[in-house]
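Each chain, written out:
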Amino acid sequence: MRTTIPELVCPAGSPAMLRAAILAGADSVYCGFRDETNARNFPGLNFSVSELKEAVAWAHDRNAKVLLALNTFARADATDLWRASADAAATTGVDAVIAADLAVLAHMKAAHPDLRLHLSVQAAAGTPEAIAFYAREYGVQRVVLPRVLSVEEIAALVREISVEVEAFVYGGLCVMAEGRCALSSYVSGRSPNLSGVCSPPEAVSFSEDAGERTVRLASLAVDRLSPDSPGGYPTLCKGRFKAAAGPAGYLFEDPVSLNAMTLLDGLARAGVTAVKVEGRQRGRAYVARVAAAFRSAINALAKGESPAAFEALLGDLAEGARETTGAYRKQWR
């Protein structure tokens with residue numbers, strides 16, 4: 001028997017994107033400050049403290065929640081920045097802080113014990129023992145699951161833990177070792193886990209070579225595409241390379257988007273509290289379409305109807321024009 005109708009959590013990379021997500025049906029949005037403390041620290045994105053206060057008040061007036069991502073790992077030479085952002089978060093009225101770093105979690109528990117804590121996917125906690133540790137030591141009330149578990153594994157996990165679970169259902173996929181990415185920093189000098197930027201825009205360039213489009217990250221060519229070939233945002237993990245004498249191929253990860261809409265019923269039955277859309281670096285038109293489609297699907301689920309009819313609404317938004325259910329339907333062991 002279904003026990004949960006999941007909360008819809010959508011990305012908000014800007015105040016305009018936050019409003020678009022909520023007006024389209026998001027129950028909650030997640031966002032970040034305009035600094036290195038969040039994993040989408042791109043130019044032109046994110047919030048100042050005053051913008052976040054205004055956004056929280058606007059969202060609360062519409063019965064929506066705002067979650068703040070402080071989900072990068074504090075550097076030893078700059079801990080004051082993470083501490084200051086954590087303290088600022090407590091002044092904005094946000095409903096929860098999403099964090100992974102032990103120091104950030106410890107500071108939040110000690111200095112702001114009344115502010116709800118969610119464990120970021122960056123912590124890669126996917127076992128009962130790991131989740132129990134964070135709940136016991138830091139008072140974490142929700143864990144965002146790494147994208148490596150099948151629906152059956154999530155159901156088994158939920159039976160063993162005392163906190164809420166949140167699972168990604170749409171958007172970009174990362175190499176399946178959450179929070180452990182060194183590839184971007186290897187080439188560009190900036191890490192998504194420390195400085196909050198994967199493939200920083202200033203390191204990305206395109207050129208035309210013999211009728212093909214060459215995509216570079218820093219000085220490294222990561223892909224070559226014909227003019228009519230779709231391509232995602234250039235990251236090293238989704239680049240094509242030659243191994244030995246073989247043809248060029250995606251050695252780390254294919255450019256493909258997660259779409260688990262058809263699995264909403266299974267995730268709900270597994271006890272998932274919230275389903276999450278990835279994409280704070282996308283635009284407000286993107287989030288409005290995705291939020292509206294998933295709102296319709298979740299409403300159908302609540303009525304006992306199939307959400308599958310709404311899956312086709314999002315096909316043209318997929319990275320590389322391809323979709324996957326990822327590890328949720330594991331075909332390997």
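First, a word on scope: everything that follows refers to the structure included in this document. Keep in mind the model is a prediction, meaning the values are calculated, not measured.

**Structural notes on the pairing of strand β14 (residues 274-277)**
- Burial along β14 is two-sided: Ala-274 and Lys-276 and Val-275 and Val-277, pointing in opposite directions, are all buried.
- In this sheet, β14 lies alongside strand β1 (residues 7-11) in parallel orientation, the contact comprising 3 bridges. The residue of β14 that forms the bridge with Glu-7 is Ala-274.
- Pairing of strand β7 (residues 164-172) with β14, which is carried by 4 bridges, proceeds in the parallel orientation. Looking across to β14, one finds that Ala-167 is bridged to Val-275.

**Concerning helix α6 (residues 151-158)**
- When we look at burial in α6, the residues that qualify are Val-151, Ile-154, Ala-155 and Leu-157. Burial along α6 is one-sided: seen end-on, the buried residues are contained in an arc of 160 degrees.
- Here the buried face of α6 lies against α5 (128-138) and α8 (264-270).

**Observations concerning the nonpolar core**
- Counting 85 residues, the largest nonpolar core has Leu-18, Leu-52, Val-66, Val-97, Leu-264, Phe-294 and Tyr-328 as its most contacted members.
- By residue number, the principal contributor to this core is helix α9 (residues 284-302), which donates 9 residues.
- When residues no more than four places from it in sequence are discounted, the contact partners of Leu-18 are Ala-12, Val-29, Phe-47, Ala-55, Trp-58 and Val-66.
- Listed in part, the 9 residues of the second largest apolar core include Val-204, Leu-225, Leu-236 and Phe-241.

Here is what the cut-offs are and how they apply
Each residue is numbered by its place in its chain's sequence as written, counting from 1. Where totals are concerned, whole chains, interfaces and linings use all residues; where local detail is concerned, this predicted model gives features only for residues with pLDDT of at least 70, and gives and counts side-chain atom pairs only at 80 or more. Only hydrogens and water are removed before side-chain values are computed, so all heavy atoms of the structure are retained for them. When a residue's accessible area, from a 1.4 Å probe over protein chains only, is under 20% of the maximum for its type it is buried; when over 50% it is exposed; and in between it is partly exposed. Numbering of helices and strands runs from the N terminus, with a helix taken as a DSSP run of H or I at least four residues long and a strand as a DSSP run of E at least two residues long. DSSP bridges decide pairing: two strands pair if at least two such bridges lie between them. The arc refers to the directions leading from the helix axis to the C-beta atoms. Note on contacts: a residue pair is in contact if any heavy atoms of the two residues lie within 4.5 Å. Throughout, nonpolar core names a set of buried Ala, Val, Leu, Ile, Met, Phe, Trp, Tyr and Cys residues whose side chains join them through atoms within 4.5 Å.

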